[in-house]
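# Results of the structural survey
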Amino acid sequence: MRAFIFPGQGSQAVGMGAALADASAVAREVFGEVDEALGQNLRRLMAEGPGDELTLTENAQPAIMANAIATLRVLTREGNVRLAEKADYVAGHSLGEYTALCGAEALDLGTTAGLLRTRGRAMQAAVPVGEGAMAALLGADVEKAQAIAGAAVDLILTETGETLVCTVANDNDPSQVVISGHRVAVERAVGLAKEMGAKRAVLLPVSAPFHCALMEDAARVMEGALAEADLRAPLVPVFANVDAVAVADPGAIRRLLVEQVTGRVRWRESVLAMVEAGVTEFVEFGGKVLSPMVKRIAPDVEAVSVVSMDDVEAVLKRL
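None of these values were measured; they are calculated from a predicted model.

### A look at the nonpolar core
If you look at the biggest cluster of nonpolar residues, it comprises 77 residues, and the most contacted ones within it are Phe4, Phe6, Val34, Val90, Tyr98, Met215 and Phe285. Within the second largest apolar cluster, 22 residues are counted, among which are Leu137, Ala149, Val168 and Ile179.

### Re helix H8 (residues 109-126)
When the terminal C-alpha atoms of H8 are compared, their 26 Å separation across 18 residues agrees well with the 26 Å that a helix rising 1.5 Å per residue should span. Burial in H8 covers these residues: Leu109, Thr112, Ala113, Leu115, Leu116, Arg117, Arg119, Gly120, Ala122, Met123 and Ala126. Summarising the contacts, the buried residues of H8 are in contact with helix H2 (25-38), helix H5 (57-78), helix H7 (96-103), helix H11 (216-228) and helix H12 (250-262).

### Section: the sheet that holds strand S4 (residues 166-173)
Judged by pairing direction, the sheet is antiparallel, and its four strands sit side by side in the order S4-S5-S3-S6 without closing on themselves. In this open sheet, the two edge strands, each paired with only one partner strand, are S4 and strand S6 (200-203). The mean inter-strand angle of the sheet, taken between neighbouring strand axes irrespective of direction, is 25 degrees. Strand direction decides the pairing type here: strand S3 (residues 132-138) and S6, joined by four bridges, are antiparallel. Bridging across to S6, Ala136 finds its partner in Val202. Packed onto the sheet, helix H10 (residues 183-193) meets S3, S4, strand S5 (176-182) and S6 and runs at close to 145 degrees relative to S5. Helix-sheet contacts for helix H14 (residues 290-297) involve S4 and S5, and the interaxial angle to S4 is about 85 degrees.

### Comments concerning the pattern of salt bridges
Applying the stated criterion across every chain yields a total of 15 salt bridges. For Arg268, the salt bridge identified is with Asp171, shortest N-O distance 2.9 Å. Here Asp171 lies in strand S4 and Arg268 lies in helix H13 (residues 267-276), a separation of 97 residues in the sequence. Residue Asp171 is classed as buried on the basis of its relative accessible area of 0%. Its salt-bridge partner being Arg318, residue Glu281 comes within 2.9 Å of it at the nearest N-O pair. Linking Glu281 in strand S9 (residues 281-285) with Arg318 in helix H15 (residues 309-318), this pair joins segments that are 37 residues apart in sequence. Looking at Glu281, the relative accessible area reads 10%, which means it is buried.

### Focus: the pairing of S3
With respect to burial, S3 is a largely interior element, six of its seven residues being buried. Two strands pair when backbone bridges link them, and S3 and S5 are joined in this way by seven bridges, in the antiparallel orientation. Following the sheet pairing, Ala133 is matched in S5 by Gly181.

### Some remarks on the packing of aromatic side chains
Overall, the coordinates contain three aromatic pairs when judged by the stated rule. Measuring from ring centre to ring centre gives 5.8 Å for Phe6 and Phe285, while their planes differ by 20 degrees; the resulting arrangement is stacked. Of the two residues, Phe6 is situated in strand S1 (residues 2-6) and Phe285 in strand S9; the sequence distance between them amounts to 279 residues. One aromatic cluster is present, built from ring pairs that chain together Phe4, Phe6 and Phe285.

### Observations concerning the side chain of Arg2
Residue position: Arg2 is located in strand S1. Reaching out from Arg2, the side chain makes a polar contact with the backbone oxygen of Lys86 at a distance of 2.6 Å. Leaving out residues up to four positions away in the same chain, Arg2 has contacts with Lys86, Ala87, Asp88, Tyr89, Val279, Glu281, Val283, Arg318 and Leu319.

Calculation rules
Residues numbered from 1 in each chain as written. Predicted model: local features only at pLDDT ≥ 70, side-chain atom pairs only at ≥ 80, totals over all residues. Heavy atoms only, no water. Core = buried A, V, L, I, M, F, W, Y, C linked by side-chain atoms within 4.5 Å. Buried < 20%, exposed > 50% of the residue type's maximum accessible area, 1.4 Å probe, protein only. Helix = DSSP H or I, 4+ residues; strand = E, 2+ residues; numbered from the N terminus. Expected span 1.5 Å × (residues − 1). Contact = heavy atoms within 4.5 Å. Pairing = 2+ DSSP bridges. Axes fitted to C-alpha atoms, helices over the stretch in contact; angles between N-to-C directions. Salt bridge = Lys/Arg side-chain N within 4 Å of Asp/Glu carboxyl O. Phe/Tyr/Trp six-rings, centres within 6.5 Å; stacked < 30°, edge-to-face > 60°. Polar contact = N/O pair within 3.5 Å; in protein donor to acceptor, adjacent residues only side chain to side chain.

Honestly, it's all geometry; don't read function into it.
Listed below in structure tokens is the structure:
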């Protein structure tokens, strides 16, 4: 069994999709459709930068999606491959869940681009710049990471009487967990991390504290946007980030996408659940971020990345 998987924020880079667009009319069509939906020349921003503008959440989210869908469509249309025949499940990391739904035809491409633009803006607006932060804890599993985050919150409460947010946002793999919340609490957790058993803690260059309770305003925005979106049953089930369970019902998918804004990205658990369901091969589209995570979670499975035309050719031989 096989799962098609799609990366999240952080996988963007200036130049993304340029070579694919040069080589494939199918890819150019994807980028053109996204540009039209957004009323923006996103393809040029992806290809030429500047990097700080591409990294803005409202640009990075649709850009990462467009790049992944372009790669997938080059495979399916030029390679004459049907997703429903070659994949048993789809899944994505954070915004990648929207990409997965688009790839599985639950959402149209233009609708997906619009939802991600709305999502990016809402997440950015939910917390004033500078008040939130995220940090990666390396060499710490999810239990240790939550203990570090909790200790930081408790210390600040004792010292100031203020209750702040600091919690696990992304359970990526057994050795990489991301925490999110108020900047002062996250910075305190970074300071505590090594003495509490993590190998290293690194503040992440993000513009907002994603996947924590501080995103409640953004969740309400997405609840309204998703209620109006045409969302159908996907061709194959999607493993949802917030509960690591396969789902195909449109109503349930809407609810889980809203919960995802403030909820933990349970990527490690999702991979383990897919393996438990029988998946032995993971194919990542549009990035080389999730495949290494998959191998750290489940060393015995196959995991490949598809970014270039050469990658497409190589995967076609495997399918």
